[in-house]
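# Observations on the three-dimensional arrangement
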Amino acid sequence: MARAHLVFRVDPSKPIEYDVKKLQSKIVDITRTWEDHLHAALIENHGEEKGARLFKNYQHAFASAYKEHFDARAAVFDIETMRAIEGPDGLGMSFYQPVGVDKNSFRFKVFQRNQTLELSDGIPILERMGMRVIGEHPYRIDLGEDHYWMHDFELVYDLPADIDVQSARHLFHSGIHYRPP
């Protein structure tokens, strides 16, 4: 048990209006752990039974570095991407544009089971697609005997054209699988 005492400095000349239930709800929400949010997001997306099963498998899988950079809702999509990987050499991918970034800024996540992606293989492919790689952050997602590596690339598209991420996603993913002769 813990008790918190908060003091808010307010302008006495302005009337204060607040919804106690809404305020209590927000306080409860900020005291929840990342894992609590993951559990709720998995159940929201998959229902009670499947969400609880997925949570049991993934509740300890994400390292603190991942949790600092991604919220639990992003983890739900990353879990689905990992679960869709077929075979030991399969890749999972997610090409997206975060909310609030410049129109030419993108992110690209690549998932691989039990091995890291060699950057000297991946970066030239991204560059041939017209992207500049600004940064890359690897994350290990540990499931006990099995683990995944997620490489999160920060990309910029410098050509004078707008990219519709939704329309380009399939073509982008297909381009990653292409290996030139």
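Above this note sits the structure.
Residues numbered from 1 in each chain as written. Predicted model: local features only at pLDDT ≥ 70, side-chain atom pairs only at ≥ 80, totals over all residues. Heavy atoms only, no water.

## A short note on the pattern of salt bridges
Threshold: The rule for a salt bridge is simple: a side-chain nitrogen of Lys or Arg has to be within 4 Å of a carboxyl oxygen of Asp or Glu. Every helix listed is a DSSP run of H or I at least four residues long, and every strand listed is a run of E at least two residues long, numbered separately from the N terminus. Burial classification: accessible surface area is computed with a 1.4 Å probe over protein chains only, and a residue below 20% of its type maximum counts as buried, one above 50% as exposed, and the rest as partly exposed.
Summed over the entire model, instances satisfying the criterion amount to 6 salt bridges. As a salt-bridge pair, Arg73 and Glu44 come within 3.2 Å of each other at their nearest N and O atoms. Here Arg73 is found in helix 5 (residues 72–83), whereas its partner Glu44 is found in helix 2 (residues 34–46), with 29 residues between them in sequence. On the basis of relative accessible area, Arg73 is assigned to the partly exposed category, the value being 44%. With a closest N to O distance of 3.6 Å, Arg83 and Glu80 form a salt bridge. Here Glu80 and Arg83 lie together in helix 5, a separation of 3 residues that amounts to about one turn.

## A look at the nonpolar core
Heads up, the condition is: Side-chain atoms within 4.5 Å are what join buried Ala, Val, Leu, Ile, Met, Phe, Trp, Tyr and Cys residues into a set we call a nonpolar core. Contacts were defined at the residue level, with two residues in contact if any of their heavy atoms lie within 4.5 Å.
In this structure, Leu38, Phe62, Tyr66, Ile79, Met82 and Ile141 are the most contacted members of the largest nonpolar core, which totals 24 residues. In terms of residue count, the dominant contributor to this core is helix 5 (6 residues). Excluding residues within four positions of it along the chain, Ile79 makes contact with Leu38, Leu42, Leu54, Tyr58 and Phe62. Membership of the second largest hydrophobic core comes to 14 residues, among which are Phe95, Phe153, Leu155 and Ala168.

## Describing the packing of helix 3 (residues 48–58) against helix 5
Think of two packed helices as two axes; the pair is described by the angle between the axes and how far apart they sit. Here is the rule: For helices, the fitted axis covers only the stretch in contact; all axes are lines through C-alpha atoms, and the angles between them, taken along N-to-C directions, range from 0 to 180 degrees. Small angles under 35 degrees read as roughly parallel and large ones over 145 as roughly antiparallel, with 65 to 115 read as roughly perpendicular and the rest as oblique. Only Asp, Glu, Lys and Arg are considered charged, only Ala, Val, Leu, Ile, Met, Phe, Trp, Tyr, Cys and Pro nonpolar, and every remaining residue, Gly among them, polar.
The geometry of helix 3 relative to helix 5 is characterised by a closest axis approach of 12 Å and an angle of 85° between their N-to-C directions. In terms of orientation, helix 3 lies roughly perpendicular with respect to helix 5. Contacts from Lys50, Leu54 and Tyr58 in helix 3 reach Ile79, Glu80, Met82 and Arg83 in helix 5. Partitioning the contact of helix 3 with helix 5 into residue classes produces 4 nonpolar, no polar and 3 charged.

## Brief notes about the packing of aromatic side chains
How two aromatic rings sit relative to each other is given by the distance of their centres and the angle of their planes. Applied cut-off: Between the rings of Phe, Tyr and Trp (Trp by its six-membered ring), a pair exists once the centres lie within 6.5 Å; its type follows the angle of the planes, with under 30 degrees stacked, over 60 edge-to-face, and the other angles tilted.
If you walk through the whole model with that rule in mind, you get 10 aromatic pairs. Counting every residue linked through ring pairs, the aromatic cluster contains Trp34, Tyr58, Phe62, Tyr66, Phe70 and Tyr139.

## As for a nonpolar patch on the surface
What counts, and what does not: The patches described consist of residues with a relative accessible area above 30% and no salt bridge, like charges being joined within 9 Å and nonpolar side chains (Val, Leu, Ile, Met, Phe, Trp, Tyr) within 5 Å. For the accessible areas, the method is Shrake-Rupley and the probe is 1.4 Å, while residue cover comes only from the protein chains on display.
Together, Leu6, Phe8, Val10, Ile16, Tyr18, Val20, Leu23, Ile27 and Ile30 line one region of the surface with nonpolar side chains, adding up to about 950 Å² of accessible area. Here Ile30 is to be found in helix 1 (residues 20–30). By relative accessible area, which is 69% here, Ile30 ends up exposed.

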